[in-house]
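Below, each chain spelled out in residue letters.
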Amino acid sequence: MFERRLLGKPLNVGMLGCGHVGTEVARLLVANQQDLAARAGVPLTLKKIAVRDISKSRPGIPQELFTTDLASIVDDPDIDLVIEVMGGIEPAHELILRAMKNGKGVVTANKALLAKHGAELFHASDLADVDFYYEAAVAGAIPILRPLAESLVGDHVERVMGIINGTTNYILTKMHESGSSFKDALAEAQALGYAEADPTADVEGFDAAAKAAILAGLSFHSVVTDEDVYREGITGITAEDVKVAKEMGFVIKLLAIAEANEVHGSKEETITVRVHPTLLPQNHPLASVREAFNAVFVQCESAGELMFYGRGAGGAPTASAILGDLVAIARNRNEGSLGPTETDYADLDIAPIGLARTRYLIRMHVADKPGVLAAVAQVFSANAVSILSVRQSGRGEHAELTIMTHIAPESDLANTVKDLKRNEVVTEVESVIRVEGIPA
Ligand code: NAP
Ligand code: HSE
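If you're wondering where the values come from, they're calculated on a predicted model, not measured in any experiment. Just so you know, the residues in each chain are numbered from 1, in the order the chain's sequence is written. Think of it this way: whatever chain is written first is A, whatever ligand is written first is 1, and the rest follow in order. In view of the model being predicted, local features appear only for residues whose pLDDT reaches at least 70, and side-chain atom pairs are presented and counted only at 80 or more, with totals across whole chains, interfaces and linings using the full set of residues. Each side-chain value is derived from all of the structure's non-hydrogen atoms; neither hydrogens nor water enter the calculation.

**Concerning the packing of aromatic side chains**
Aromatic contacts are taken between Phe, Tyr and Trp rings whose centres are within 6.5 Å, Trp giving its six-membered ring; a plane angle under 30 degrees counts as stacked, one over 60 as edge-to-face, and the others as tilted. Under the criterion given, the structure shown has five aromatic pairs. Aromatic side chains Phe132 and Tyr134 sit 5.8 Å apart centroid to centroid with 40° between the ring planes, which places their arrangement in the tilted category. Per-residue accessibility, obtained with a 1.4 Å probe over protein chains only, is compared with the maximum for each type, and a residue is labelled buried under 20%, exposed over 50%, and partly exposed between these values. Judged by its relative accessible area of 9%, Phe132 falls in the buried class. For Tyr134, a relative accessible area of 6% translates into the label buried. Summarising the aromatic geometry, the rings of Tyr170 and Tyr194 are spaced 4.6 Å apart at their centres and angled 35° between planes, so their arrangement reads as tilted. Of this pair, Tyr170 sits in helix 7 (residues 166–178) while Tyr194 sits in the loop between helix 8 (182–191) and helix 9 (200–203); the two residues are 24 residues apart in sequence, bridging distant segments of the chain. Overall, the relative accessible area of 37% leaves Tyr194 in the partly exposed class. Clustering of aromatic rings is evident, with ring pairs tying together Phe122, Phe132 and Tyr134. Look at NZ for Lys and CZ for Arg. If either is within 6 Å of the ring centre and within 35 degrees of the ring normal, a charge sits over the ring. Over the ring of Phe66 we find Arg58, and its NZ or CZ is 4.9 Å from the ring centre. In this structure, Arg231 is placed above the aromatic ring of Phe206, and the distance from its NZ or CZ to the ring centre is 3.8 Å. Each helix is a run of DSSP H or I of at least 4 residues and each strand a run of E of at least 2, with the numbering of both proceeding from the N terminus.

Encoded structure:
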């Protein structure tokens, strides 16, 4: 039997934050101490944890580990590795920079911070010659960032498309399967602890946009921040949208999509990154991702299509990714090496959303009289948007038209919608939802 020798002195770990994720990290560090030491080649000792309120009950974690002095972790010369699971931008940002300057390897789960200051943090870890790992920041337990940064780094990523927010996927699953309204499905998600009391970050797509920026930066070797991501949440999705989608063989998912654009026939001159509700055919692999699960679909030049699936949130799943990072850094330290550093050598520009190309489903109310269909078709034609299918329902004075388009640029579609709203035969444009996953 091969057993890894314990190679060095124990590595002391300090943790910033001990909430949903931190308590699981602390529990697993203690419960799996021997296995982790054997795998890391060195014991990993949790030495100190900083929180806001040390009087909170955190069963199983020794009280003497807690402090409210955040700096005492990043400045302690006896602490080798810092886990940041406090969240937010400041003081997490300054504390991580300080920990790096003090020679500590850092693990974080903080997508909001990475989506704002990722480039600065990668540069700082490079300058300080320390490891900086953040697998837990996107899609929780699912190994997706290291596969992109390491396993697929010899390939050419063309597109990344994923369900990377569990709360919204839970809400949309409930709307699809039981016909609930957005409001009722959100209330259910809150009752089950998936959605926060203030659900804005999830339902308005901010959380997914931060994760999309991280995925896009890694996939296309460029600096991408949350401000580069076009974002629409799911608050406007109605039970009627979901019903019509279902009748037509589709599901609605909040998708994050990062893709290289072909500009003037040359590949990858720009990228677009977008988060929005999307119709997917029911037989698409992402359509079967239910409830709070996440999945990321990666399309590469040589590897073809790959899909990564699992739990995207929750204390234990997120802690699993953090401990994987911790062991990776400990192994690097044993070998006197560092993990791969991020590179933004490609320096691709982010294209405006108007250049993104996809299909659309437009639902509108029109007068039910001769010539209406021709008038509507004329608006699409005048804006160079080609129609794939038309469905009409309703009788009497008003009818509902549901039109699916061929692939068209966003800017042309936006002009089409503007003109439809101005057209006298159109009473109301009720919804416009993008469509993915239909083979060309
Ligand atoms: P949480 O439950 O709110 O816990 C935050 C912890 O940080 C608490 O222990 C809090 O102390 C401490 N803290 C926050 N601000 C502080 C400050 N200024 N000074 C001292 N302590 C401070 O958060 P979480 O859900 O564990 O999330 C932590 C991080 O993981 C976030 O970046 C989040 O985006 C990321 N993440 C979370 C999940 C998930 O499923 N929850 C999944 C993936 C990634 P008190 O306990 O004293 O209040
Ligand atoms: N609120 C996030 C979600 C979990 O619902 O997926 C942390 O990333």
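**Some remarks on the site of ligand 1**
The immediate surroundings of ligand 1 are formed by 21 residues, with Cys18, Asp53, Lys56, Arg58 and Gly314 found nearest. A distance of 2.8 Å is found between an oxygen atom of ligand 1 and a backbone nitrogen or oxygen belonging to Cys18. The term polar contact refers here to a pair of N or O atoms within 3.5 Å; inside protein, the definition further demands a hydrogen-donor-capable atom paired with an acceptor-capable atom, and it admits residues adjacent in sequence only when both atoms are side-chain atoms. One nitrogen or oxygen atom from the side chain of Lys111 is found 3.0 Å from an oxygen atom belonging to ligand 1. Here ligand 1 loses 80% of its free accessible area of 910 Å² to cover by the protein chains. The classification used treats Ala, Val, Leu, Ile, Met, Phe, Trp, Tyr, Cys and Pro as nonpolar, Asp, Glu, Lys and Arg as charged, and all other residues, Gly among them, as polar. Looking at the shell around ligand 1 residue by residue, the class counts come to nine nonpolar, seven polar and five charged. Note on definitions. A residue lies near a molecule or strand when any single heavy atom of the residue is within 4 Å of it. Surface exposure here means Shrake-Rupley accessible area, sampled with a 1.4 Å probe, where a residue is shielded only by the protein chains that are shown.

**Overview of the site of ligand 2**
Lining the immediate environment of ligand 2, one finds Lys111, Asn165, Gly166, Thr167, Asp202, Asp207, Lys211 and Ala313. Taking Lys111, its side chain carries an N or O atom lying 2.6 Å from an oxygen atom of ligand 2. Contacts to ligand 2 include Asp202, whose side-chain N or O atom sits 2.9 Å from a nitrogen atom. When ligand 2 sits alone it has 260 Å² of accessible area, and the protein chains cover 79% of it. Within the residue set of the shell around ligand 2, elements represented by two or more residues are helix 7 and helix 10 (206–220).

**Focus: the pairing of strand 4 (residues 81–84)**
By the alternation rule, side chains of strand 4 split into Leu81 and Ile83 and Val82 and Glu84, which are all buried. Both strand 1 (residues 11–16) and strand 4 contribute to a ladder of four bridges, which runs parallel. In the strand pairing of strand 4, Met15 is matched with Ile83. As paired elements, strand 4 and strand 5 (residues 105–108) share four bridges and run parallel to each other. Two strands are said to pair when DSSP picks up at least two bridges between them.

**Some words on helix 5 (residues 111–128)**
Compared with an ideal rise of 1.5 Å per residue, which puts 18 residues at 26 Å, helix 5 spans 22 Å between its outermost C-alpha atoms and falls more than 12% short. Of all the bends in helix 5, the greatest, near 85°, is centred on His117. Buried within helix 5 we find Leu113, Leu114, Ala115, Gly118, Leu121, Ala124 and Ser125. Buried positions along helix 5 lie against strand 4, helix 4 (92–101), strand 5, strand 6 (132–133) and helix 10. For a helix, the expected span equals 1.5 Å multiplied by the residue count minus one. Bend is computed residue by residue as the angle between axes fitted to the seven residues ending at the residue and the seven residues starting at it. Whether two residues are in contact is decided by their heavy atoms: any pair within 4.5 Å suffices.

**Topic: the nonpolar core**
Each nonpolar core is a collection of buried residues, namely Ala, Val, Leu, Ile, Met, Phe, Trp, Tyr and Cys, held together in the definition by side-chain atoms within 4.5 Å. Ile144, Ile171 and Val298 are the most contacted members of the largest nonpolar core, which has 76 residues in total. Broken down by element, this core gets its largest block of residues, ten residues, from helix 10. When sequence neighbours within four positions are dropped, the list of residues in contact with Ile144 reads Glu135, Val138, Ala139, Leu215, Val296, Val298 and Phe308. Ranked by size, the runner-up nonpolar core spans 35 residues in total, among them Val21, Leu65, Val85 and Val327.

**Looking at the pattern of salt bridges**
Throughout this description, the term salt bridge denotes a Lys or Arg side-chain nitrogen within 4 Å of a carboxyl oxygen of Asp or Glu. Counted according to the given criterion, the structure contains 25 salt bridges. The closest approach of N and O atoms between Arg363 and Glu430, which form a salt bridge, is 3.2 Å. Of this pair, Arg363 sits in strand 14 (residues 357–367) while Glu430 sits in strand 18 (residues 426–435), and the two are 67 residues apart along the sequence. With a relative accessible area of 30%, Glu430 lands in the partly exposed category. It is possible to trace a salt-bridge network through shared partners that takes in Lys47, Lys48, Asp76 and Asp78.

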